[in-house]
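# Results of the structural survey
Now for the letters of each chain:
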Amino acid sequence: MKKSFMREKVIHCGNDYLAPEIFPYTGNQQKAVRGKRGKKKRVSEPKQKNLNDKRAKRYFIQLANSNFGEGDLAVHLTYAPEFLPDTYEEAVKNAINFLRRVAYLRKKRGLPPLKYLLITQMGRKKKGTHRIHHHILMNGGLDRDEVEALWWKVKESKKQKRPAVMFGWANADRLKPNKKGIANMAGYMVQDSAGKKHWTQSQNLEKPWHRGPNDGKYTRNQLEKIAKLPSDSEEYRNFWEKKYRGWELVDSERQYVEQSGWYFYLTMRRKC
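Residues numbered from 1 in each chain as written. Predicted model: local features only at pLDDT ≥ 70, side-chain atom pairs only at ≥ 80, totals over all residues. Heavy atoms only, no water.

### Examining the overall build of the protein
- In terms of regular secondary structure, the protein is built from six helices and 13 strands.
- Put simply, the protein has 272 residues, and 45% of those count as buried.
- Long-range pairs, those at least 24 residues apart, make up 68% of the contacts in the protein with a sequence separation of at least 6. (Helix = DSSP H or I, 4+ residues; strand = E, 2+ residues; numbered from the N terminus. Buried < 20%, exposed > 50% of the residue type's maximum accessible area, 1.4 Å probe, protein only. Contact = heavy atoms within 4.5 Å.)

In structure tokens form, the structure reads like this:
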């Protein structure tokens, strides 16, 4: 019979956040790696970046916290009724063209290259109409008004005295991280929807990473006791903060699967 044990994988999200995952694991032989750091490995990206998938949502938030924070931008783009794209692919093309303009302006100003996470959502309404919109996280440096002004369908021409024709409404806000970093904003961007929702990203993002798993840190009985505690209790918080010295517990998710046992997904912030 295969032996079952609790495996810990600690995901690093930039310098200030950890996302430990503790879950049941079954193998022919328990390979305890306690005391061995192992090689640094990138967290595997979901093959399909479909934000209706729970694992993809979790990875997206980890990726956002690894790359964006104070002073960066959350940009929201919509379409006027007359400019609604006919297809999802056309909408993505519009957003990518917008990001190319942002990248060009950054280069012109001598700013670092553009980094971004782009979500394009095609919602469904009762009458069968589609309401497509975009959410973007990008690095800061440009004025918000400048960024918003680049969401045009027809560019302004001073020579011809022609104003820009905008696709629709654009809003750029400065990110204001809290204890969870920008997890709240990222979570809002990936919240459930009835329609199609995927993300694309720039290639220069820092990826979340982890070392080899630890199969000897936790026992089933130990975690079953912790699972009975309220997640907002001092005892619950102290348990995890003692396991991860120098880190503060800011969020946790737990799930019980009858066939296997308890799963824990934590978010820890580096203590000042």
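Continuing now.
### Overview of the packing of helix 5 (residues 220-227) against helix 6 (residues 234-243)
- Packing of helix 5 against helix 6 leaves a shortest axis separation of 10 Å and a crossing angle of 140 degrees. By the angle between their directions, the pair helix 5 and helix 6 is classed as oblique. Along its contact with helix 5, which presents Gln222, Leu223 and Ile226, the element helix 6 presents Tyr236, Phe239, Trp240 and Lys243.
- The class makeup of the residues in the contact of helix 5 with helix 6 is five nonpolar, one polar and one charged. (Axes fitted to C-alpha atoms, helices over the stretch in contact; angles between N-to-C directions. Parallel < 35°, antiparallel > 145°, perpendicular 65-115°, else oblique. Nonpolar A, V, L, I, M, F, W, Y, C, P; charged D, E, K, R; others polar.)

### Focus on the nonpolar core
- Counting 27 residues, the largest nonpolar core has Val75, Phe98, Leu99, Ile136 and Met138 as its most contacted members.
- Of all elements in the fold, only strand 4 (73-77), helix 2 (88-108), strand 5 (116-124), strand 6 (130-138) and strand 9 (170-174) reach the threshold of two or more residues within this core.
- Here the element with the most residues in this core is helix 2; it accounts for eight residues.
- Setting aside residues no more than four positions away along its own chain, isoleucine 136 makes contact with Leu73, Ala74, Val75, Leu77, Phe98, Leu99, Tyr116, Leu117, Leu118 and Met189.
- Among the nonpolar cores identified, the runner-up in size contains 22 residues, and Leu175, Met189, Trp199 and Leu205 belong to it. (Core = buried A, V, L, I, M, F, W, Y, C linked by side-chain atoms within 4.5 Å.)

### Details of the pattern of salt bridges
- Under the counting rule described, the total for this entry stands at nine salt bridges.
- Notably, a salt bridge pairs arginine 58 with glutamate 253, separated by 3.7 Å at the nearest N-O pair. With arginine 58 in helix 1 (residues 54-67) and glutamate 253 in strand 12 (residues 247-257), the pair connects residues that are 195 residues apart, well separated along the chain.
- The exposure class assigned to glutamate 253 is partly exposed, which follows from its relative accessible area of 30%.
- Here glutamate 241 ties to lysine 271 by a salt bridge, and the two come within 3.7 Å at their closest N and O atoms. Note that glutamate 241 is positioned in helix 6 and lysine 271 in the segment after strand 13 (261-270), a separation of 30 residues in sequence.
- Lysine 271 sits in the partly exposed class, given a relative accessible area of 44%.
- Overlapping salt bridges bring together Lys179, Glu248 and Arg269 as one network. (Salt bridge = Lys/Arg side-chain N within 4 Å of Asp/Glu carboxyl O.)

### What to know about the pairing of strand 13
- Two elements, strand 12 and strand 13, share ten bridges in a ladder whose sense is antiparallel. When the sheet's bridge partners are listed, tryptophan 247 is paired in strand 13 with arginine 270.
- In sequence, strand 12 turns back onto strand 13 through a hairpin of three residues. (Pairing = 2+ DSSP bridges.)

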